[in-house]
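Chain residues, written in single-letter form:
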Amino acid sequence: MNIVKISKVILSVTVAAAVAFSAEVIKVGATPEPHASILNLVKEDLAKAGYELKVVEFTDYVTPNEALESGELDANYFQHLPYLESFNKEKGTHLVNAGGIHVEPFALYPSKDSKKKVKSLKDLKKGGTIAIPNDPTNEGRALLLLQSAGLIKLDPKAGITATPIDIVDNPKKLKFKELEAASLPRILQDVDAAAINGNYAIPAGLNASTHGLFVENASSPYVNVVAVKAGNEKSAKIQALVNALKSEKVKNWIKGKYPKGEVVPVF
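In this text the structure is predicted, and so the values were computed from the model without any measurement. (Residues numbered from 1 in each chain as written. Predicted model: local features only at pLDDT ≥ 70, side-chain atom pairs only at ≥ 80, totals over all residues. Heavy atoms only, no water.)

Q: Looking at this model, I keep getting lost on the overall build of the protein. Mind explaining?
A: When helices and strands are counted, the protein shows ten helices and 13 strands. The principal-axis extent of the C-alpha atoms belonging to the protein is close to 85 × 40 × 25 Å. Buried positions account for 47% of the 267 residues belonging to the protein. Partitioning the intrachain contacts of the protein with sequence separation of at least 6 by distance along the chain shows that 75% fall at a separation of at least 24. Carbon and sulfur atoms make up 54% of the accessible area of the protein, which totals about 13,000 Å². Put simply, the protein has 33 plus and 29 minus side-chain charges, and the middle of one group is 6 Å from the middle of the other. (Helix = DSSP H or I, 4+ residues; strand = E, 2+ residues; numbered from the N terminus. Buried < 20%, exposed > 50% of the residue type's maximum accessible area, 1.4 Å probe, protein only. Contact = heavy atoms within 4.5 Å. Areas by Shrake-Rupley, 256 points an atom, 1.4 Å probe, with all protein chains shown as cover. Lys, Arg positive; Asp, Glu negative; His and termini not counted. Charge placed at Lys NZ, Arg CZ, Asp CG, Glu CD.)

Below you can see the structure in the form of structure tokens.
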């Protein structure tokens, strides 16, 4: 190798090292599917813009918000807007929406116990048990879903934070088991049905359009957002993150990965 070629190699390595060294880190918390997968998709795009994206995976809804509030994370991407607003109100946190990315249609899934023979809404027996998330907004979302399905009727004043005590009509005398959202796919064997969030249904092999007894309308207000600490939403690195997530690359990937509408881009 001659001197010119050696010099070019050294220069190339030096430039690459300098870029790597100067890259600003964006640390983002996410639940595995689809959020972490979508984030990992844009790592190279952000690297070209001078940012190193580090994705930290969580399996619950509380810890990533606490980590964001404390400054351990620059952003998180796992929750819908009503949950974010409810969390702020309940915990006194200061988290804001930096950009809406997608909707995961919520669905009511039948029991995995073949003896229960629940193949449609009409198969839900009188006195049957339905599992629902126990956090305020997702519980309300589940009950609104059941109301849309014609299974119950809620007090109109309850809104998106409805709980079982707000049920004013329950013709099938359904019982409700309130559990942590992440655990719901695992207990489908033990109940007649469960209302499950998309980011927990997908890893469990559940498809809303194929397996759901009743699916939330795609015009749902429960848009999954990139959340940040108030005051950081306009920072250059957060804007770069949101722009990368709102790219045609991401939109096409979502449509290809989830052709049955399990995840729907909103940009």
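Q: Looking at this structure, how should I read helix α5 (residues 81-91)?
A: Structurally, the α-helix is built with 3.6 residues per turn, so residues lying three or four positions apart point the same way. Those residues of α5 lying buried are P82, Y83, L84, S86, F87 and N88. Residues of α5 that are buried make contact with α4 (63-70), β3 (75-80), β4 (95-103), α6 (136-148) and β12 (223-229). The first or second residue beyond α5 is G92, which carries a positive phi of 75°.

Q: What is the right way to read the side chain of N76 from this model?
A: Relative to the assigned elements, N76 resides in strand β3. Since its relative accessible area comes to 0%, N76 is described here as buried. At a separation of 3.1 Å, a polar atom in the side chain of N76 contacts the main-chain carbonyl oxygen of P64. For N76, the residues in contact, after removing those within four places along its chain, are V28, G29, P64, N65, L68, V225, V226 and A227. (Polar contact = N/O pair within 3.5 Å; in protein donor to acceptor, adjacent residues only side chain to side chain.)

Q: What is the right way to read the sheet that holds strand β9 (residues 175-179) from this model?
A: Picture the strands of a sheet paired through backbone hydrogen bonds; they go either parallel or antiparallel. Strands sit in the order β9-β6-β10-β5-β11 across an open sheet of five strands; the sheet is mixed. The open sheet has two edge strands with one neighbour each: β9 and β11 (214-215). Note that strand β5 (residues 107-110) and β11 share two bridges and pair antiparallel. What sits directly across from L108, in β11, is F214. Here α6 sits on the sheet and contacts β5, β6 (129-133), β9, β10 (193-196) and β11; the angle it forms with β6, its principal contact strand, is near 140°. (Pairing = 2+ DSSP bridges. Axes fitted to C-alpha atoms, helices over the stretch in contact; angles between N-to-C directions.)

Q: For this particular structure, what's the right way to read the packing of aromatic side chains?
A: What characterises a pair of aromatic rings is the spacing of the ring centres plus the angle enclosed by the ring planes. Tallied over the full model, the rule gives six aromatic pairs. Residues Y83 and F87 carry aromatic rings whose centres are separated by 6.0 Å and whose planes lie at 40° to one another, so their mutual orientation is tilted. Within this pair, Y83 and its partner F87 are both found in helix α5, separated by four residues, close to a single helical turn. The rings of Y61, F78, Y83, F87 and Y200 are connected pair by pair, giving a single aromatic cluster. (Phe/Tyr/Trp six-rings, centres within 6.5 Å; stacked < 30°, edge-to-face > 60°.)

Q: Would you mind going over the environment of T31 with me for this structure?
A: Relative to the helices and strands, T31 resides in the loop between β1 (24-30) and α2 (32-41). Distance in space between the C-alpha atoms of T31 and N76 is 9.1 Å, their sequence separation being 45 residues. In this structure T31 touches A36, F58, D60, Y77, F78, N199 and Y200, once residues within four positions along its chain are discounted.

Q: Please explain the pattern of salt bridges as it appears in this structure.
A: A side chain with one charge may pair with a side chain of the opposite charge, provided their charged atoms come close. Taken as a whole and judged by the stated rule, the model has six salt bridges. Note that K237 is salt-bridged to D74, the shortest N-O span being 3.1 Å. Here K237, found in helix α9 (residues 236-245), pairs with D74, found in the loop between α4 and β3; they are 163 residues apart in sequence, far enough to count as distant. Between E216 and R141 there is a salt bridge, with the nearest N and O atoms lying 2.5 Å from each other. Highlighted residues: E216 in the loop between β11 and β12 and R141 in helix α6, separated in sequence by 75 residues. You can call E216 buried: its relative accessible area is 14%. For R141, a relative accessible area of 3% gives the class buried. Look at the salt bridges and you will find they share partners, linking E24, D74 and K237 into a network. (Salt bridge = Lys/Arg side-chain N within 4 Å of Asp/Glu carboxyl O.)

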